[in-house]
Amino acid sequence: MNSASKAPRIWRLAAALSIFAAQAAWATSEPVRWQLNMPEGVTETSKHAYDAHMIMLWICVVIGIVVFGAMGYAMFKFRHSKGAVPDKDFTHSTKLELIWTAIPIAILVLSAIPATKMVMAQYNADHTAKQAEMTVKVTGYQWMWRYEYVGEDVAFISRLDRESDALRQDKNTTQAQIAAKQHYLRDVDKPLVLPADTRIRFVLTADDVIHAWWVPALGWKQDAIPGVINEAWTEVKTPGVYRGVCAELCGKDHGFMPIVVKVVPKAEYQAWLASQKPQPVEPAPAAEAPAAPAAEEAPAADGEQIPADDGQAG
């Protein structure tokens, strides 16, 4: 088989692989293998970032097609084997230099218009939006997270789930065991439960070193710094489970402190919150009243003592 017959097969294989990768990996809110694009997310913040990314992506695609298309055409059309000679007027043309300088400037200016609108929309959402309905305090530790529902008397530690932790520390763990464990190293023992369609304020800090709380589907990342209180907010419309990680190198187990956010309908959240609150302590049963004293001997009419009845037959 000659090289000419091999070429079409190579191109067909490359095309098939690219189509498969694009279909299998076009991003969702949860990363997947062979992912080619960033996740769209589930909040307004993440959607603004995604839209800005897609605008620039397609602009770059068009630029790439035009530039590489022109290069390919020039190399094929004006190749030396066809007798082409260099055009000195073309390479040193002031008019052309002005054109290919002005076009990138115009592209940058036009790209800045939608980007600025999205940044302004996010700024307004941060500073002039409706009041938060609840506050969650997030504290980073080596290597776990503490969540406190401010004003609700509910707080707990969230850490890597025990099964993943056992598998990662066992030297005899096989790849088959890891593959069988769903969400290996990405699950926790207690997820952060949040209500859907609710504006939530986060305050973040740390107890020991700098951490960073990051859930890509929410569209933001915030540092947790000892002695500093940082703020963020979110509002998720769609119930679901969204995963993240600590995004700041915080020590040897930095890679083993995942984040899991479980967004549920409001009614389900209220039921969960009630189940997490300390149960009222039942009062101790009242002490029984002391038994009545035994009857005393009553004096007889003639001065003799009559013993009290002791319940026994005489």
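Residues numbered from 1 in each chain as written. Predicted model: local features only at pLDDT ≥ 70, side-chain atom pairs only at ≥ 80, totals over all residues. Heavy atoms only, no water.

(A) Representation of a nonpolar patch on the surface. Taken together, Val62, Ile63, Val66, Val67, Phe68, Met71 and Met75 make up a surface patch of nonpolar side chains, about 680 Å² in accessible area. Inspection of the secondary structure puts Ile63 in helix α2 (residues 44-77). The exposure class of Ile63 is partly exposed, given its relative accessible area of 34%. (Patch = residues over 30% accessible without salt bridge, like charges linked within 9 Å, V, L, I, M, F, W, Y side chains within 5 Å. Areas by Shrake-Rupley, 256 points an atom, 1.4 Å probe, with all protein chains shown as cover. Salt bridge = Lys/Arg side-chain N within 4 Å of Asp/Glu carboxyl O. Helix = DSSP H or I, 4+ residues; strand = E, 2+ residues; numbered from the N terminus. Buried < 20%, exposed > 50% of the residue type's maximum accessible area, 1.4 Å probe, protein only.)

(B) Summary view of the packing of aromatic side chains. Enumeration according to the criterion identifies ten aromatic pairs in this entry. Judged by centre distance (6.0 Å) and plane angle (70°), the ring pair of Tyr147 and Phe156 falls under edge-to-face. A single burial state applies to Tyr147 and to Phe156, both of which are buried. Connected via pairs of aromatic rings, a cluster forms that spans Tyr147, Tyr149, Phe156, Tyr269 and Trp272. Cation over ring: Arg199 sits above Trp233, and NZ or CZ is 3.9 Å from the ring centre. (Phe/Tyr/Trp six-rings, centres within 6.5 Å; stacked < 30°, edge-to-face > 60°. Lys NZ or Arg CZ within 6 Å of the ring centre and 35° of its normal.)

(C) Representation of the sheet that holds strand β7 (residues 220-224) in the model. Taken in spatial order, the five strands make up an open sheet running β4-β10-β9-β6-β7, and their pairing is mixed. One side of each edge strand has no neighbouring strand; the edge strands of this open sheet are β4 (192-195) and β7. Strand-to-strand twist across the sheet, computed as the mean angle between neighbouring axes with direction ignored, equals 25°. The pairing of β4 with strand β10 (residues 259-264) spans four bridges and is classified as parallel. In the strand pairing of β10, Pro195 is matched with Val264. Across the face of the sheet, helix α7 (residues 266-276) comes into contact with β4 and β10 while running at roughly 135° to β4. (Pairing = 2+ DSSP bridges. Axes fitted to C-alpha atoms, helices over the stretch in contact; angles between N-to-C directions. Contact = heavy atoms within 4.5 Å.)

(D) Main features of the pairing of β7. Side-chain alternation along β7 places Trp220, Gln222 and Ala224 on a buried face and Lys221 and Asp223 on a face that remains uncovered. Where strand β6 (residues 211-215) meets β7, five bridges bridge the pair, whose relative direction is antiparallel. Looking across to β7, one finds that Val215 is bridged to Trp220. Connecting β6 to the antiparallel partner β7 that follows it, the hairpin turn spans four residues, and Gly219 within it adopts a positive phi of roughly 85°.

(E) Main features of the pattern of salt bridges. Taken as a whole and judged by the stated rule, the model has 13 salt bridges. A salt bridge links Asp189 to Arg162, with the shortest nitrogen-to-oxygen separation between them at 3.3 Å. With Asp189 in the loop between α6 (175-180) and β4 and Arg162 in helix α5 (residues 162-169), this pair connects stretches of sequence that are 27 residues apart. For Arg162, a relative accessible area of 51% gives the class exposed. If you follow the salt bridges from partner to partner, you end up with Asp165, Arg168, Lys252 and Asp253 in one network.

(F) Up close: the environment of Ala232. Looking at the secondary structure, you find Ala232 in strand β8 (residues 230-234). Ala232 sits 28 residues away from Leu204 along the chain, and the two C-alpha atoms are 8.1 Å apart. Here Ala232 is in contact with Ile200, Arg201, Phe202, Leu204, Trp220 and Gln222, once residues within four sequence places are set aside.

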